[in-house]
Amino acid sequence: MRFFTYFYEDELDQFFYKKPQEFNKYTSREILAYGLGATLYMPATRPNIHQEILSNKHVGLTSLVIDLEDAVGDQQVEAAERMLIGELWKLYGEVHKGFLTNSDFPLMFIRIRNLEQFLRVAAQLGDAIQLLTGVVLPKFNSEAGEDLLAAVRRIHSDQYPFYAMPILESAKVIQKETRMEELVNIKRLVDRYKENVLNIRIGATDFCGLYGIRRSMDTTVYDIAVLRDCISDIINVFQRHDSAYAVSGPVWEYFAAKNRILKPQLRQTPFRERYGDEGLKWRKKLLNENLDGLIREILMDIANGITGKTIIHPSHIKVVQALNVVSYEEYIDARTIIQAASGEIGVMKSEFANKMNEIKPHLYWAEKTMLKSKLYGVLHEQYTNIDLIKQEVYLSHT
C-alpha cells in the first residue's frame, strides 16, 4: 500500500522527485504514525464493508475507521457489533484463501464506546482481529484511559502490531480551568504506553457540541476561538521535541457547497496565471464541491505541525494526500539541515537563497519533514501541491 496508487507510473515520474514508499501495518511505528493520510470514518451498520475493501471502492484510501460510537444510534449498538464482527470474519476468510494480504487493503481501525465493548468485540473477533491496525479511543481521559491502553498492549505483538489512537474531545480538555492539568495527565499516561499509541486525534465536533457551536463551510477550526485555543494547547503538550506524537487534524464535515455568505477561499489569479482558462474551470469545480474550505483548513493544519486528517467523505481523500506531499524546497532544506547537524555549523543560507536555515532550531522540523517525505513523496521543483490536485481533478473526469 502507498499513497497515489491512482496515478500511472509515468505520472509519478512526472510529478515526483522522490516517489512515495510502500507501507503497511508492520511498518515501524515512527513512520506509520505519519502514514494515515485521510482517515475515512464509516458506521459499523454499513452493509458489505468487506466488499468495499476488497473491490477498492474508495480509490486512494489508506486508512479506515469502522465506527461503533457516534455514528451508531444507541438502539443499534448490538446490531452494529454483529455486523462489524461478521464483516471482518468475511474479510479474514478472503485473506486466508491466499489471494490477498493485509498490505492489499487500508489500515483498519475500529472506534469503540468503552472498555467493556472493546473486550467483548475483541473476544468475538478472535484471530480476525489480526486484520486491524488498532482501535480508536473516543473521549479519552486520564481516569479511564489506563485500562484501555493496557487492553491494547495485551493484544499488540511484534507479529501482529495493534495500536491505540486516543481522541481528545472531552469537557476536561476543552474547558480552560481543567485543560492543562488534564492534558499533562493524559500525556504522562500515553507516555507509559508510547509504543502502543500510533497518534493523537482531535475531536473538533464533540468540542463544538459542548458549546452549541457548529462551524459553517466557510469556517475552519482555526476560526472558532475556543477550538483554536484548545488545539494550540494540544499541540503544545503533544508535539514537544523531547517526547512527541503525530497529531492528526480534526474532521472536515462538508462535501457539497450551498449558497455562500463569504467569498470563496481560493483566489482566481494564481489559477489563471498558472493554467489559464482551464485553471478557472477546475477552480470552479473545487468550489462546487466545497473543497476550498477543506484546502484552507489542511494548510492551517500543516502550518501547525499536524499531519493527516479525519474525513467523512471519499472526495476528501486525494486532497488530503496531495497537500501533505513534501515540496522539493522543503526536502532539500531538511536534508541539508540534517547533514549539517554535526555541530560544525550553526546557520547557513538555503540553497534557494531565500531563507536562513538555523541547524538546531530547524532540526526537529527537518526530521519530521524527512519522515513525511518517505510516505508522501517529494515533488519535482517545478511542481506544487496544487498541481497534484489539478491532476486528480482531471483524472476524475476521465
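Being a predicted model, the structure only gives us computed values, none of them experimental.

(A) Local environment of unusual backbone geometry. Phi angles above zero are rare outside glycine, and Lys 139 is one such case at about 50°. Take Lys 139: it is sitting in the loop between strand E5 (134-137) and helix H6 (145-155). Of note, Ala 353 is a non-glycine position whose phi angle comes to about 55°, a positive value. Along the chain, Ala 353 falls in the loop between strand E10 (347-349) and strand E11 (356-358).

(B) Region of the structure containing the packing of H6 against helix H8 (residues 176-192). One can describe the packing of H6 onto H8 by two numbers: an axis separation of 10 Å at closest approach and a directional angle of 20°. Taken together, the axes of H6 and H8 are roughly parallel relative to one another. Taken as a pair, H6 and H8 cross one another with a handedness that is right-handed. The segment H6 lies against H8, with Gly 145, Glu 146, Leu 149 and Arg 153 engaging Leu 189, Val 190 and Arg 192. Grouping the constituent residues of the contact of H6 with H8 by class yields three nonpolar, one polar and three charged.

(C) Main features of the pattern of salt bridges. Taken as a whole and judged by the stated rule, the model has 27 salt bridges. When the shortest N-O distance is used, the salt bridge between Arg 111 and Glu 69 registers 3.4 Å. In this pair, Arg 111 is assigned in strand E4 (residues 107-111) and Glu 69 in the loop between strand E3 (63-67) and helix H4 (77-95), connecting sequence segments 42 residues apart. By relative accessible area, Arg 111 is classed as buried at 8%. We classify Glu 69 as buried; its relative accessible area is 7%. For Arg 192, the salt bridge is made with Glu 146, and the minimal N-O distance between the two is 2.6 Å. Residue Arg 192 is located in helix H8, and its partner Glu 146 is located in helix H6; the two are separated by 46 residues in the primary sequence. Several salt bridges share partner residues, and in doing so they unite Asp 67, Glu 69, Asp 70, Arg 111, Lys 139 and Asp 206 into one network.

(D) Spatial organisation of H6. By the burial criterion, the buried members of H6 are Gly 145, Leu 148, Leu 149, Ala 150, Ala 151 and Val 152. The inward-facing, buried residues of H6 contact helix H5 (115-125), E5, strand E6 (163-168) and H8.

(E) Representation of the sheet that holds strand E7 (residues 200-202). Strands sit in the order E2-E3-E4-E5-E6-E7-E8-E9 around a closed barrel of eight strands; the barrel is parallel. The average angle at which neighbouring strand axes cross in this sheet is 30°, direction not considered. With two bridges connecting them, E7 and strand E8 (residues 247-252) associate as parallel partners. Each residue of the ladder has a partner; that of Arg 201, found in E8, is Ser 248.

(F) Quick peek at the nonpolar core. Formed by 114 residues in total, the largest nonpolar core has its most connected members in Phe 4, Met 108, Phe 118, Leu 149, Ile 234, Phe 238 and Leu 388. For Phe 238, the contacting residues outside a window of four places in its chain are Leu 168, Leu 183, Ile 186, Lys 187, Val 190, Ile 200, Ser 243, Ala 244, Tyr 245 and Val 247. If you look at the next biggest cluster of nonpolar residues, it comprises eleven residues, including Tyr 328, Ile 332, Ile 337 and Val 378.

(G) Structural detail: the layout of surface pockets. Roughly 440 Å³ of internal volume is contained in the largest pocket. Tyr 41, Arg 111, Val 251, Thr 310 and Ile 312 are the residues nearest the centre of the largest pocket, which is lined by 24 residues in total. The set of elements that each furnish at least two residues to the lining of the largest pocket consists of strand E2 (38-43), E7 and helix H9 (204-209). Looking at which element gives the most residues to the lining of the largest pocket, the answer is E2, with four residues.

(H) Representation of empty space enclosed by the protein. One pass over the structure, following the stated rule, counts two cavities of 30 Å³ or more. In this structure, the largest cavity spans a volume of roughly 50 Å³. Around the largest cavity sit Met 1, Asn 24, Lys 25, Asn 102, Phe 105, Pro 106, Leu 107, Met 108, Leu 131 and Thr 133, which together line it. For the lining of the largest cavity, the per-class residue count stands at six nonpolar, three polar and one charged. By volume, the second largest cavity amounts to about 30 Å³. Those elements giving two or more residues to the lining of the second largest cavity turn out to be helix H12 (291-303) and helix H13 (317-324). A breakdown of the residues in the lining of the second largest cavity according to their chemical character gives four nonpolar, three polar and two charged.

(I) Fine view of the pairing of E4. Among the five residues that make up E4, five are buried, leaving the element largely enclosed by the rest of the structure. By the alternation rule, side chains of E4 split into Leu 107, Phe 109 and Arg 111 and Met 108 and Ile 110, which are all buried. In terms of strand pairing, E3 meets E4 through five bridges, oriented parallel. In the sheet register, Ser 63 faces E4, and the bridge partner there is Leu 107. Of the pairings in the sheet, the one linking E4 to E5 comprises three bridges and is parallel in character. The partner of Arg 111 across the bridge, within E5, is Val 136. Handedness of the crossover is the feature at issue here: the chain leaves E4, passes through H5, returns alongside E5, and the resulting connection is right-handed.

(J) Spotlight on the packing of aromatic side chains. By the definition in use, this model includes 15 aromatic pairs. Through pairs of rings, three or more aromatic residues link up here, namely Phe 4, Tyr 6, Phe 7, Phe 15, Phe 16 and Tyr 383. We note Lys 194 situated over the ring of Tyr 245; from NZ or CZ to the ring centre the distance is 4.9 Å. One cation-aromatic arrangement involves Lys 318 over Tyr 6; the distance from NZ or CZ to the ring centre is 4.6 Å.

Rules and cut-offs
Residues numbered from 1 in each chain as written. Predicted model: local features only at pLDDT ≥ 70, side-chain atom pairs only at ≥ 80, totals over all residues. Heavy atoms only, no water. Helix = DSSP H or I, 4+ residues; strand = E, 2+ residues; numbered from the N terminus. Axes fitted to C-alpha atoms, helices over the stretch in contact; angles between N-to-C directions. Parallel < 35°, antiparallel > 145°, perpendicular 65-115°, else oblique. Left-handed = near helix turned anticlockwise from the far one by under 90°. Contact = heavy atoms within 4.5 Å. Nonpolar A, V, L, I, M, F, W, Y, C, P; charged D, E, K, R; others polar. Salt bridge = Lys/Arg side-chain N within 4 Å of Asp/Glu carboxyl O. Buried < 20%, exposed > 50% of the residue type's maximum accessible area, 1.4 Å probe, protein only. Pairing = 2+ DSSP bridges. Core = buried A, V, L, I, M, F, W, Y, C linked by side-chain atoms within 4.5 Å. 1 Å grid on protein atoms, 1.4 Å probe; cavity = no way out; pocket = protein on both sides within 12 Å on 5 of 7 lines; lining within 4 Å. Points joined across faces, edges and corners; volume = space filled by probe spheres on them. Right-handed = clockwise from strand over helix to strand, strands pointing away. Phe/Tyr/Trp six-rings, centres within 6.5 Å; stacked < 30°, edge-to-face > 60°. Lys NZ or Arg CZ within 6 Å of the ring centre and 35° of its normal.

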